[in-house]
Amino acid sequence: MVFVTRRERFSAAHKLFREEWNDEQNFDVFGKCSYPNWHGHNYILYVTIKGELNPETGFVVNIKKLSEIIKEHVISKLDHRNLNIDVDFMKDTIASTENLAIAIWNVLEPIINLLGVHLHKIKIEETENNFVEYYGS
Ligand code: NI
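In this text, all values refer to a predicted model and were calculated from it rather than measured experimentally. (Residues numbered from 1 in each chain as written. Predicted model: local features only at pLDDT ≥ 70, side-chain atom pairs only at ≥ 80, totals over all residues. Heavy atoms only, no water.)

1. Notes on the pattern of salt bridges
Then, number 1: In the structure shown here, the tally under the stated rule is seven salt bridges.
Then, number 2: In this structure, K123 and E125 form a salt bridge, with 3.7 Å as the shortest nitrogen-oxygen distance.
Then, number 3: Classification of E125 as buried rests on a relative accessible area of 18%.
Then, number 4: Several salt bridges converge on common partners, so that one network encompasses R6, E8 and K71. (Salt bridge = Lys/Arg side-chain N within 4 Å of Asp/Glu carboxyl O. Buried < 20%, exposed > 50% of the residue type's maximum accessible area, 1.4 Å probe, protein only.)

2. A short note on the pairing of strand β1 (residues 2-14)
Then, number 1: In the sheet, β1 pairs with strand β2 (residues 39-51) via 13 bridges, with the strands oriented antiparallel. Among the inter-strand pairings, R7 is bridged to a residue of β2, identified as Y46.
Then, number 2: Judged from the two bridges that link them, β1 and strand β3 (residues 81-82) form a sheet pairing that is parallel. Its bridge partner being in β3, A12 is matched across the sheet by R81. (Pairing = 2+ DSSP bridges. Helix = DSSP H or I, 4+ residues; strand = E, 2+ residues; numbered from the N terminus.)

Rendered as structure tokens:
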């Protein structure tokens, strides 16, 4: 089994808040990410797949094809968008990095299976110091 990771980047706006809480409660829980008028992050997404080496190609997966899939199904929907408003697969969720990682997993997993390999990990860096990893459960 060999693991291969593709890195992609996107920039997006969001805020973290619950409508039913007041500004003070939201700030207590979500800090500056709760400010009402949105803010942005430069996110870095790492998509790791696992599979067997193809002895003919020396590859596990055609990484160009993997990149195209990530761009079509994920990056094009996130880049320069508002995660709270614009993104169909983030509807009705708090726009946290955790929820984003799970949502991206759910979008990509069935498509990546079609390549004959399996999704292993979604990692998202929100800032230099904060990142989230999701392994599908
Ligand atoms: Ni934020």
